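Observations on the three-dimensional arrangement
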Amino acid sequence: MQLGSKLLVYKGEWGLPSIDFECMRALCLLRFTRCPMDIETNANPLRSGAGKLPYLQIGNDKFIGYKEIKRVLDLKGYPVDAHLNTKQKHLSTTYSNWVFTQLHAYYHYFLYGDPHNYDTTTRGLYAKRTPFPFNFYYPSTYQREACDVVQVLGGFDINDKLEKHDGDYLVVNAKKCVNLLSRKLGRKVWFFGDTYSELDAIVYSYLAIIFKITLPNNPLQNHIKGCQNLVNFINRITKDIFRNECYSSTKLTKGSSYTDSTLTPSERKFVETELNTKIVAGVGAVLAMGAFAAWRGLYTQLTRSSADYDGVDYEDDELEEVLD
Amino acid sequence: MQSSQYLNQLHTADKLSEEPWPEDATLYQPFEAEQILLPENASCLAVKAYLKMCNLPFGVRSCANAEHMSPGGRMTKLPFIRAGAFIFAEFEPIVNFVEQKDMAIGSWQDEDEKADMRTYVSLVENIFTMAELYVSFKNERVYKEVTAPRNGAVYPWPLNLMQNYSKRRNALRQLKVYQWHDLDIEHVIEKVAKCCETLEYKLKESPDTPFFFGDQPCELDAIAFGHLFSILTTRLPNMALAQTVQKFGHLVTFCRFIDEKYFQMRCLQD
């Protein structure tokens, strides 16, 4: 692999390497096959050329989206299904496709389609990872995409009234899918025994996000909790394979969070923020206080008094000079 | 739409299994000679093959507005079946309905085999339907010469343009959701070839029997037959799909066998 090539993805949250399904899939391909490539988690989605992450940068060439990335990795000698036998290869394809049809609509509806979930959680996640003026507009592109997905795979329009949203159908399908996956995984390390496959990448990407995300309304989360082997599967991959990429915004202050039970909620929120934000807030506070002081005329008083003092001093000097 | 389908299935599951298969069950589809498009033809044929394999009697009714009468679905919304008080559209809901009546084929399979089979069914349905939609709506020549005139055939002048427009927009949206919209025709062919390979491999696993799983037909046989047979026998200005399928001799033989056994249409050339 050419030197300096790197994969650019969204930064993670809740201890996961990324918040986005497509990014997670691409990361899985890269890490499962041990492809020696850098991962940049602090990427700007607007630089990709398609307005979306993930993309792969090799020299000046950009390969945007999971499909392209997979093709490049196949060509460079890192195919994900290489260690499976023929039957398993075919099964990996069929199961991946099936998981897509069962979970894709659920994922899109509950992350972007459900208005409450989207407003409280998902919009913020994407907005935080996009630079300033675009963060107002950018997350809604995901919502528009979800609108199409839900209309085609779920059969209703997310712009309709909430009562007309037919989430039950999606939830039942998703639960059936999780049950079957749990049974198929059994006590194995990977779905096909000892070697990874594309199916593992896809299942991990969907379920890890659905399992870890903190949405107000997410019926599948508890269902996954009930399938202990899937929970172990998710935690194991997160810990073993993505040790360096995992990120959680609350992890840094875990130690101090025990002691600050006396703080008010807004103070606690401030403690949890990053250092940069603190510095900016500090500078802002100083400027605001300064402006307030100027408005109250504090500086004019100060300068006047010092001018008076100077004047007196000066007069004294003059007097002395005269005396001399 | 689908909630009513799903609730229908849920609430009436007990009652259904007691009631016999209604004599007047009717399958609704568009006109075969003038109107039907390749993806719809494939899904209609798949359902017919399935019902014939289950040995259930049904009548076929052709209506110009079958698609708009359908209660909805994920792919083509066609065909739909009216059995007693129930209406179900598309392959999977119809199969579920038949299964609740304990008249389904494939009850001999164990659970693992059944799960595998379901995934094969979903692969075949997705890949072939998307490829058929792609050829029908993305290929300029096929769209202008076949898809648009056929789809608009049953409507008078200004309405046919609107119908074509909305149908094409829906088809393109479907392709986009399945992430097929930015593919070239070569990549589409590649995907179809890969799917055929998977099917042929599965067929070769049991070389003594003509079916995919063991010596009895199952859902996969029905849906694979529906799509492969339609692709092979439909004349289009662009025959890339048919040529791809033709490379897989075992699959062509399989189609001929199912046709001989259940339909006797005999329009598949040697």
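Residues numbered from 1 in each chain as written. Chains lettered and ligands numbered in written order. Predicted model: local features only at pLDDT ≥ 70, side-chain atom pairs only at ≥ 80, totals over all residues.

Turning our eyes to something else, we now look at the interface of chain B and chain A. Each partner contributes to the interface: chain B provides 21 residues, whereas chain A provides 22 residues. If you list the elements that add at least two residues to the side of chain B that touches chain A, you get helix 1 (2-11), helix 6 (111-138), helix 8 (157-177) and helix 9 (185-205) of chain B. Here the side of chain B that touches chain A gets 8 residues from one element, more than from any other, and that element is helix 6 of chain B. Looking at side-chain class alone, the side of chain B that touches chain A contains 7 nonpolar, 9 polar and 5 charged residues. (Contact = placed C-beta atoms within 7 Å. Helix = DSSP H or I, 4+ residues; strand = E, 2+ residues; numbered from the N terminus. Nonpolar A, V, L, I, M, F, W, Y, C, P; charged D, E, K, R; others polar.)

This part is about the environment of Tyr126 of chain A. Residue and element names in this part refer to chain A. Relative to the helices and strands, Tyr126 resides in helix 4 (residues 115-128). When the 22 C-beta atoms within 10 Å are taken as the criterion, Tyr126 is described as buried. Residues in contact with Tyr126, not counting those within four places in the same chain, are Tyr138, Pro139 and Tyr142. (Buried ≥ 20, exposed ≤ 12 C-beta atoms within 10 Å, placed from the backbone.)

Attention shifts here to helix 4 of chain A. Residue and element names in this part refer to chain A. Its 14 residues give helix 4 an end-to-end C-alpha distance of 19 Å, which sits within 8% of 20 Å, the value for a rise of 1.5 Å per residue. Considering bend angle alone, the principal kink of helix 4 is centred on Thr122 and spans about 40 degrees. In this structure, the buried side of helix 4 is in contact with helix 3 (86-113) and helix 5 (138-154). (Expected span 1.5 Å × (residues − 1). Bend = angle between axes of the 7 residues up to and from the residue.)

All names here are of chain A. Residues at a pLDDT of 70 or more form 87% of chain A, whose mean pLDDT is 82. Here helix 12 (residues 298-323) stands out as the element of chain A with the lowest mean pLDDT, 59, in contrast to helix 7 (residues 198-212), whose mean of 92 is the highest. Confidence over residues 252-259 falls short of pLDDT 50; this stretch has 3 contacts with residues more than four positions distant or in other chains. (pLDDT = per-residue confidence, 0-100.)

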